[in-house]
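# What the coordinates show
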Amino acid sequence: MLTALSLVLAAVAAPAPLSHIGVALPSRDTAVLTLTAPWNDPAPRGVESQRLLAGEVGIPLAGALAVTVAGGELRTEVTVRLKDVPQAVLNLDPNSLPLRWEGLDRKGRVVAALAGTVDLGDREKVALPIRTLYDQFLLVRDVSASPGLSAVGVRALLGFYNPFAFDVVATRVEYRLAVAEQPILEGKRPGFRLRGSQWSDILIEQDVPLADVMGAVASFLGGETVTLTGALTVRTPQGEKIIPLVGGFRR
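What you are looking at is a predicted structure, and each value in this text was computed from that prediction instead of being measured.

Definitions and limits used
Residues numbered from 1 in each chain as written. Predicted model: local features only at pLDDT ≥ 70, side-chain atom pairs only at ≥ 80, totals over all residues. Heavy atoms only, no water. Pairing = 2+ DSSP bridges. Helix = DSSP H or I, 4+ residues; strand = E, 2+ residues; numbered from the N terminus. pLDDT = per-residue confidence, 0-100. Contact = heavy atoms within 4.5 Å. Salt bridge = Lys/Arg side-chain N within 4 Å of Asp/Glu carboxyl O. Buried < 20%, exposed > 50% of the residue type's maximum accessible area, 1.4 Å probe, protein only. Phe/Tyr/Trp six-rings, centres within 6.5 Å; stacked < 30°, edge-to-face > 60°. Core = buried A, V, L, I, M, F, W, Y, C linked by side-chain atoms within 4.5 Å. Axes fitted to C-alpha atoms, helices over the stretch in contact; angles between N-to-C directions. Expected span 1.5 Å × (residues − 1).

Regular strands have side chains that alternate between both faces of the sheet. Relative to strand 14 (residues 182-194), strand 13 (residues 168-179) is paired through eleven bridges, and the arrangement is antiparallel. Residue pairing across strands places Arg172 opposite Pro190, the latter belonging to strand 14. Two strands pair when backbone bridges link them, and strand 13 and strand 16 (residues 226-236) are joined in this way by nine bridges, in the antiparallel orientation. Across the sheet, Glu174 pairs through a bridge with Ala231, a residue of strand 16.

This is how it looks when you write it as C-alpha cells:
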C-alpha cells in the first residue's frame with residue numbers, strides 16, 4: 001500500500017512539459033508570465049502557494065495565485081516585480097533557460113508542476129511584446145541637428161531603463177540614427193554602467209559632412225521621425241550578451 005501511495009504522489013508531482021510562455025509588461029517594473037503545458041488530468045487540488053525557478057535561482061513572485069485547466073492545458077499566471085529578481089539570473093543562458101513552476105499545498109508539497117528549457121528568442125514558444133519592450137526601456141530624445149558650412153553637428157540622448165535592483169555593465173552600444181531611411185549618424189560608444197531601477201542617459205554626438213546627410217537633415221527639420229537601430233552589449237558571468245535596439249524620436 002505504501003508503495004502504491006508513493007507512486008501516486010510521484011505521478012502527481014511529475015512536471016508537465018512547458019509548451020508556451022506569454023509575457024506582458026503592464027509597467028516598467030512588472031512582468032506577468034503566462035505558463036502553459038499540456039494537461040489531461042483533473043485540475044490540481046489543494047494548491048495554496050507557488051514558486052518559480054530559473055535554473056536553480058528562485059524568482060520571487062507577487063500577486064494572487066492563478067491556475068486554470070481547460071482544453072487539455074494547464075495555465076498559470078505569475079507576476080514578477082523586476083526589482084525583486086536576483087542578480088544570479090545573469091549566470092543563466094537566455095537561449096537555454098531551465099524554467100520550472102510548482103504549485104504547493106499547505107504543507108509545502110508539490111501537487112502540480114510545469115517545467116522545460118526555453119530559448120527566450122524563440123518567438124513560437126515565447127511571446128514577447130517587442131514594441132512594448134522597447135517603449136518601456138528605451139528612449140531616443142533630445143535629437144538635434146546644427147548645420148554648418150560644411151558639416152552638421154548631430155546630437156542625441158539614448159535613455160536606457162534598468163528595471164532590476166542591481167547594476168548592469170554595458171560594454172558597448174552600437175547605433176544608427178536615420179530619417180526617412182537615410183542615415184544621419186552611426187557609430188559605437190564604449191562601456192558604461194546602467195544603474196539599478198533607474199534611467200541612464202547616454203550622449204552621442206558627432207560632426208558629419210553636410211553633403212553626406214543633407215537629405216536626412218532636411219527631412220528631420222521637416223518633422224520626419226528619427227529611427228534608431230543598433231545593439232547594446234552587456235556583460236554577464238557567462239560572457240557578453242547582445243540586445244538588439246529599435247526606437248524612434250519625433251520632434
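Right, picking up where we left off after that structure.
What follows concerns the confidence of the model for the protein. Here the protein shows a mean pLDDT of 91. Residues at 70 or above account for 94%. Under a pLDDT of 50 for its full length, residues 1-12 has, in the predicted model, two contacts with residues more than four places off or in other chains.

Once that is clear, we can look at the pattern of salt bridges. Here the structure, examined in full by the defined rule, presents 14 salt bridges. Across the pair Arg75 and Glu73 runs a salt bridge whose closest N-O atoms are separated by 3.7 Å. The partly exposed category is assigned to Arg75, whose relative accessible area is 41%. Owing to a relative accessible area of 32%, Glu73 belongs among the partly exposed residues under this scheme. The salt bridge partner of Asp167 is Arg193, with a shortest N-O separation of 4.0 Å. Of this pair, Asp167 sits in the loop between strand 12 (151-162) and strand 13 while Arg193 sits in strand 14; the two residues are 26 residues apart in sequence, bridging distant segments of the chain. A relative accessible area of 25% places Asp167 in the partly exposed class.

This paragraph deals with the packing of aromatic side chains. The relation between two aromatic rings is expressed through the spacing of the ring centres and the mutual angle of the planes. In the structure shown here, the tally under the stated rule is four aromatic pairs. These aromatic residues form a ring-pair network of at least three members: Phe137, Tyr161 and Trp199.

Here we come to the sheet that holds strand 8 (residues 97-104). Read across the open sheet, the five strands follow the order 1-9-8-4-5; overall the sheet is mixed. Lying at the two open borders of the sheet, with one neighbouring strand each, are strand 1 (16-17) and strand 5 (57-59). Bridge count for strand 4 (residues 49-54) against strand 5 is three bridges, and the pairing is antiparallel. Bridged to Ala54 within strand 5 is Val57.

In this section: the nonpolar core. Val152, Phe160, Leu177, Ile184, Leu185, Phe192 and Leu232 are the most contacted members of the largest nonpolar core, which totals 35 residues. For this core, the secondary structure elements donating two or more residues are strand 11 (138-147), strand 12, strand 13, strand 14, strand 15 (198-209), helix 3 (210-221) and strand 16. Top element by residues in this core is strand 13. It accounts for six residues. Each residue touching Phe160, except ones within four places of it in the same chain, is listed here: Phe137, Leu138, Val173, Phe192, Leu194, Gln198, Trp199, Ser200, Ile202, Leu232 and Leu245.

Okay, the sheet that holds strand 12 next. In spatial order, the strands read 11-12-15; together these three strands make up an open sheet with antiparallel pairing. Each edge of the sheet is formed by a strand with only one pairing partner; in this case those strands are strand 11 and strand 15. Neighbour-to-neighbour, the strand axes of the sheet open up by a mean angle of 15 degrees, direction not taken into account. Together, strand 11, strand 12 and strand 15 form the strand contacts of helix 2 (residues 130-137), whose direction differs from that of strand 11 by roughly 65 degrees. Together, strand 11, strand 12 and strand 15 form the strand contacts of helix 3, whose direction differs from that of strand 15 by roughly 130 degrees.

Turning next to helix 3. Relative to the 16 Å expected for twelve residues at 1.5 Å per residue, helix 3 spans just 14 Å between its end C-alpha atoms, considerably shorter than the ideal helical length. The set of residues buried in helix 3 consists of Leu210, Val213, Ala216, Val217, Ser219 and Phe220. Two residues or fewer past helix 3, Gly223 is found with a positive phi of approximately 105 degrees.

Attention now moves to the pairing of strand 7 (residues 73-81). Alternating positions in strand 7 separate cleanly, Leu74, Thr76, Val78 and Val80 being buried on one face and Glu73, Arg75, Glu77, Thr79 and Arg81 remaining unburied on the opposite face. In this structure, strand 3 (residues 30-38) lies alongside strand 7, joined through nine bridges in antiparallel fashion. By the bridge assignment, Leu33 is partnered in strand 7 with Val78. With four bridges joining them, strand 6 (residues 67-70) and strand 7 adopt antiparallel strand pairing. What sits directly across from Ala70, in strand 7, is Glu73.

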